[in-house]
Amino acid sequence: MESRLSIAGQAIQPVLVMFPLGLFAMAVLFDVADLLGGPTILGALAYWNIVAGLIVGVPAMLAGAVDVMFMRLPQARRLGALRTLINVGVLVAFAVILMVRIRAQDRVAGGGLFLIEVLALGLAGFGAWFAGQLANGRTPAFARAAVGVRE
């Protein structure tokens, strides 16, 4: 897939995606340390990492959506839409986690919320892998089946 948003020939969207991925991963690591008995400030740091991840995740998702809008082939557009839906799902999951944590004392996550956070991070990692496969011209079998491509 070819990106329309680029600077000096380098696509913007793959670079933007790394920031929320790193921030969400750090939030999970801070929560692990907090749940293992670390100081409560770690829960607050995880909370603010999620806030920052959502702030930079929206432009990354929008850059991917713009790339999808300008694709010429219908198959590529459907695959790009699938990638965009995965990214939106990650942002929605972390937004829900954030809303639940607002009411928690010291913004810490409990065990159940932490499990949802790990699952959301796993979905983010899967989305990054999927986008990388598409960028390298390899479409995974599940995606070919999802968009109706027959070989």
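J.: Can you help me understand the packing of aromatic side chains in this one?
T.: Between two aromatic rings, the relevant description is the distance of the centres plus the angle of the planes. In this structure the tally under the stated criterion is four aromatic pairs. Between Tyr 47 and Trp 48, the aromatic rings sit 5.0 Å apart at their centres with planes inclined by 85°, giving edge-to-face as the arrangement. Its relative accessible area of 6% is what places Tyr 47 among the buried residues. Site record: aromatic cluster; members linked through ring pairs are Phe 126, Trp 129 and Phe 130.

J.: Looking at this structure, how should I read helix 1 (residues 13-35)?
T.: Because an α-helix completes one turn every 3.6 residues, residues spaced three or four positions apart along the sequence face the same direction. In this model helix 1 runs 34 Å from its N-terminal to its C-terminal C-alpha over 23 residues, within 8% of the 33 Å that 1.5 Å per residue would give. What helix 1 keeps buried is the set Gln 13, Val 17, Pro 20, Leu 21, Phe 24, Ala 27, Val 28, Asp 31 and Asp 34. In the stretch just after helix 1, Gly 37 is the one whose phi turns positive, near 105°.

J.: Help me out: how do you make sense of the nonpolar core in this one?
T.: Proteins that are soluble and globular tend to have nonpolar side chains buried together. Among the nonpolar cores identified, the biggest contains 20 residues, and Phe 24, Ile 50, Leu 54, Phe 94, Ile 97 and Leu 98 are the most heavily contacted of them. Of the residues forming this core, the biggest block, seven residues, is contributed by helix 2 (residues 41-69). Ranked by size, the runner-up nonpolar core spans five residues in total, among them Leu 79, Ile 86, Leu 134 and Ala 143.

J.: Hey, could you run me through the packing of helix 1 against helix 4 (residues 111-135) in this one?
T.: Each pair of packed helices can be summarised by the angle the axes make with each other and by the distance between the axes. The geometry of helix 1 relative to helix 4 is characterised by a closest axis approach of 10 Å and an angle of 155° between their N-to-C directions. With respect to each other, helix 1 and helix 4 are oriented roughly antiparallel. Pair helix 1 / helix 4 crosses with left-handed handedness. Two secondary-structure elements touch here, helix 1 through Leu 21, Phe 24, Ala 25, Ala 27, Val 28, Asp 31, Val 32 and Leu 35 and helix 4 through Phe 114, Glu 117, Val 118, Leu 121, Ala 124, Gly 125 and Ala 128. By residue class, the composition of the contact of helix 1 with helix 4 is 12 nonpolar, one polar and two charged.

Scoring rules and cut-offs
Residues numbered from 1 in each chain as written. Predicted model: local features only at pLDDT ≥ 70, side-chain atom pairs only at ≥ 80, totals over all residues. Heavy atoms only, no water. Phe/Tyr/Trp six-rings, centres within 6.5 Å; stacked < 30°, edge-to-face > 60°. Buried < 20%, exposed > 50% of the residue type's maximum accessible area, 1.4 Å probe, protein only. Helix = DSSP H or I, 4+ residues; strand = E, 2+ residues; numbered from the N terminus. Expected span 1.5 Å × (residues − 1). Core = buried A, V, L, I, M, F, W, Y, C linked by side-chain atoms within 4.5 Å. Axes fitted to C-alpha atoms, helices over the stretch in contact; angles between N-to-C directions. Parallel < 35°, antiparallel > 145°, perpendicular 65-115°, else oblique. Left-handed = near helix turned anticlockwise from the far one by under 90°. Contact = heavy atoms within 4.5 Å. Nonpolar A, V, L, I, M, F, W, Y, C, P; charged D, E, K, R; others polar.

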